[in-house]
Amino acid sequence: MSDAPVLVVGAGPAGLGAALALAQAGVPVVLTEQRDAIGGAIHRQPASPQVPKVLRPARHARSFAMLAAGLAAAGGRIDLRTSTVFLGLDGADNALIDDRRRQRVEALSPAGIILATGAVEKVHPFPGWELPGVMTAGGAQVLLKETGRAPDGPVLVAGSGPLLLAVAAQLAAAGNPPVAVLERGRPWRRPTALAAMLASPANVAEGVGYAARLLRHGVPYVTGAAVTAVRTQGDDLDVMVRHGAAERTYRVRHLLVHDGLRAGASTGITETRDGPVPVLLAGDGREILGADAAVADGRRAAAEMLALLGRGAASAGDEQTLGAARRFQAALARLCEAPPPSPPPETLVCRCEGLRVADLDHLRPDASMRELRLVGRFGMGPCQGRFCGASVAALRPDADPSLKASAVPRWPVRPVSLASLAGFGDPAARTNPRIHQDTEDR
Amino acid sequence: MTGTFFWQGRRVPFGEGQTLAAALLAAGLRDLGGPDGRPARIFCGIGACQACAVTVEGLGVVEACLTPAVDGMRLGPAMTGDDHV
Ligand SMILES: Cc1cc2nc3c(=O)[nH]c(=O)nc-3n(C[C@H](O)[C@H](O)[C@H](O)COP(=O)(O)OP(=O)(O)OC[C@H]3O[C@@H](n4cnc5c(N)ncnc54)[C@H](O)[C@@H]3O)c2cc1C
Ligand code: FES
């Protein structure tokens, strides 16, 4: 076995957990992170020391401090490259990475790859979701963590899931309590799911803390309410909401939407164990298990990678943590389960390509997912279906699942400037058929 | 670094360590002018949706939510196709 490093992509809790475990086993690691700092979605760091800290449980701060200390202690064994975007794999299993600071694309030949690129938020489309002023709740949250500043003006938080509660409480603590939190589900009507969650007291305590904060600021938490449409009104937004049989309109500056988290969408690359370069997924990008379990899942993936490379035995030490997280997430999903209102024909589905529900309705009812992409062009824009992919799948539940979005490989997974590519030396990679396919498609 | 960059010629101040996205939003610039007149805007905050793509002079098309602001940077709406793979 050579001394080739293992490439870990993403320096969130999962990527850090994996990188530390590999380094501890004596394996060199290249850790690439697209941002200019480590932390991932949950530990997004303030832009400067002057930025006020966002409301969060102490255990998250402790967990991050431990990971950061581990990274410092690993020294040269972990080659951390920030502002470096993983672009995908070329035909020869080279990993292509784009160093945005030096504007240079580089091909690495790692011994193995662990993708810890995190989850993507689900957003069910409704007319107007594409308007400026509409953001994901998690996106607003990471910006709040970065700047310490809540957005100006009235904010409405809507969709489904516990992140709504967290973001609303954090906005309130930062000085701008939202006008309301609209949860589509009806958690109070799911007592067995509520009871199942008590097995994870730290998470429950976190949720209770957020709820208490909202109560103190008089923020209503409305259940069974869903956004049906949004329109711009000058600088503001008119948000139409259905609550049971009643309709009402909120006039706000910002609408923050979130319908849960989705794994596997961030790169579209799947695991391979038997190729020359094994590829494993870790953290929320593999399975939504939450921040605490992401570190454990990173370690699990590292142990499996060591076993695949013949450098150690897979340990089962983290299985218990992962099992508990899995049960908690399953209970959460049952708690807030509620179908979104079906979007009318004018609803934009694929923002990149400007495609609407009506365009989807024009395609053959028995079209496969591959046809929806190649003929209908759904999911073929720059976001590569990271957002619209789930919407298309929900609107066409019967589309042949064996030909899901990932059956159409695309490279690169992110935009890359021609200037960066010009400096890229490997001619073999440039004649990669996947690159050709990509350019012909446009 | 604290400083100023230019969005379509308009001065946008930014604080130490801020991304283009944070500074644009703080300046009230929410519509980043997407292709074919469709609005583009900061949406996911984590580099996934590509709805915050902007063209930065000398850098090409980048995600505003991932790119640290630099003093004197010049940027505008992203154009699809041209300098972009
Ligand atoms: C926007 C958002 C907000 C969230 N907020 C919370 C919260 O408040 N509380 C909570 O419990 N959970 C939250 N979650 C869930 C959270 O994702 C997980 O619990 C936890 O952060 C998962 O860790 P991870 O390491 O798997 O992924 P992440 O923490 O998402 O880390 C993935 C890392 O990979 C990097 N990356 C992605 N693609 C590339 C690429 N192509 N090249 C290079 N680097 C790349 C990202 O920049 C990121 O740093 C949030 C999720 C999202 C998406
Ligand atoms: S806001 Fe989605 S990629 Fe920047």
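Residues numbered from 1 in each chain as written. Chains lettered and ligands numbered in written order. Predicted model: local features only at pLDDT ≥ 70, side-chain atom pairs only at ≥ 80, totals over all residues. Heavy atoms only, no water.

1. Observations concerning the overall build of chain B
Of regular secondary structure, chain B possesses one helix and five strands. For chain B, with 85 residues in total, the buried portion stands at 60%. Partitioning the intrachain contacts of chain B with sequence separation of at least 6 by distance along the chain shows that 38% fall at a separation of at least 24. Taken as a whole, chain B presents about 3,100 Å² of accessible surface, with 53% of it coming from carbon and sulfur. (Helix = DSSP H or I, 4+ residues; strand = E, 2+ residues; numbered from the N terminus. Buried < 20%, exposed > 50% of the residue type's maximum accessible area, 1.4 Å probe, protein only. Contact = heavy atoms within 4.5 Å. Areas by Shrake-Rupley, 256 points an atom, 1.4 Å probe, with all protein chains shown as cover.)

2. A short note on the pairing of strand S2 (residues 29-32) of chain A
Side chains on a regular strand alternate between the two faces of the sheet. Residues and elements named next belong to chain A. The alternating pattern of S2 places Val29 and Leu31 and Val30 and Thr32 on opposite faces, both of which are buried. With four bridges connecting them, strand S1 (residues 6-9) and S2 associate as parallel partners. From the neighbouring strand, Val8 faces S2, where its bridge partner is Leu31. Judged from the four bridges that link them, S2 and strand S3 (residues 78-81) form a sheet pairing that is parallel. Each residue of the ladder has a partner; that of Val29, found in S3, is Ile78. At this point the chain moves from S2, through helix H2 (residues 58-74), to the parallel S3, and the crossover so formed is right-handed. (Pairing = 2+ DSSP bridges. Right-handed = clockwise from strand over helix to strand, strands pointing away.)

3. Quick word on the packing of helix H4 (residues 162-173) of chain A against helix H6 (residues 201-216) of chain A
Residues and elements named next belong to chain A. H6 packs onto H4 with a crossing angle of 50 degrees between their chain directions and a minimal axis gap of 9 Å. Classified by the interaxial angle, the pair formed by H4 and H6 is oblique. Every pair of crossing elements has a handedness; the one defined by H4 and H6 is left-handed. For the pair formed by H4 and H6, the contact residues are Leu165, Ala166, Ala168, Ala169, Gln170, Ala172 and Ala173 on the first element and Gly207, Tyr210, Arg213 and Leu214 on the second. (Axes fitted to C-alpha atoms, helices over the stretch in contact; angles between N-to-C directions. Parallel < 35°, antiparallel > 145°, perpendicular 65-115°, else oblique. Left-handed = near helix turned anticlockwise from the far one by under 90°.)

4. A word on H2 of chain A
For an α-helix, 3.6 residues make a turn, and residues three or four places apart therefore share a direction. All names here are of chain A. Given a rise of 1.5 Å per residue, 17 residues ought to cover 24 Å, and the 25 Å separating the end C-alpha atoms of H2 matches this to within 8%. Turning to H2, its buried residues are Arg59, His60, Phe64, Leu67 and Leu71. Buried residues of H2, seen end-on, are gathered within an arc of 135 degrees and therefore sit on one face of the element. Seen from the open side of H2, the exposed residues pointing more than 90 degrees away from its buried face are Arg62, Met66, Ala72 and Ala73. Looking at the packing, one finds that the buried side of H2 touches helix H1 (13-24), S2, S3, H6 and helix H7 (291-308). Phi turns positive one or two residues past the end of H2, at Gly75, with a value near 55 degrees. (Expected span 1.5 Å × (residues − 1). Arc of directions from axis to C-beta.)

5. Observations regarding the UniProt feature "domain: FAD/NAD(P)-binding" (unreviewed entry) in chain A
Residues annotated in UniProt with the feature "domain: FAD/NAD(P)-binding" (unreviewed entry) correspond here to residues 6-265 of chain A. Here residues 6-265 of chain A runs as 29% helix and 31% strand, with 22 Å between its end C-alpha atoms. (UniProt positions renumbered as here; feature names shortened; annotations may be inferred.)

6. Some points on the interface of chain B and chain A
Listed as interface residues are 36 residues of chain B and, on the opposing side, 47 residues of chain A. Summed over both sides, the interface of chain B with chain A buries roughly 3,600 Å², with 56% coming from carbon and sulfur. At the boundary of chain B with chain A, the tally comes to one salt bridge. Arg100 of chain A serves as the salt-bridge partner of Glu63 of chain B, at 2.9 Å between the closest nitrogen and oxygen. Joining chain B to chain A, the criterion identifies 13 residue pairs in polar contact (both at pLDDT 80 or more). Of all the secondary-structure elements, those providing two or more residues to the side of chain B that touches chain A are helix H1 (20-26) and strand S4 (60-63) of chain B. With four residues, H1 of chain B is the single largest residue contributor to the side of chain B that touches chain A. Looking at side-chain class alone, the side of chain B that touches chain A contains 19 nonpolar, nine polar and eight charged residues. (Buried area = accessible area lost by both parts, 1.4 Å probe. Salt bridge = Lys/Arg side-chain N within 4 Å of Asp/Glu carboxyl O. Polar contact = N/O pair within 3.5 Å; in protein donor to acceptor, adjacent residues only side chain to side chain. Nonpolar A, V, L, I, M, F, W, Y, C, P; charged D, E, K, R; others polar.)

7. Looking at the sheet that holds strand S14 (residues 236-243) of chain A
All names here are of chain A. The sheet built from three strands is open, its strands ordered S13-S14-S15 with antiparallel pairing. Both edges of this open sheet fall to strand S13 (225-233) and strand S15 (246-252), since each of them pairs with a single strand only. The mean angle between the axes of side-by-side strands here comes to 20 degrees, regardless of whether they run parallel or antiparallel. Bridge count for S14 against S15 is seven bridges, and the pairing is antiparallel. Paired with His243 across the strands is Ala246, a residue of S15.

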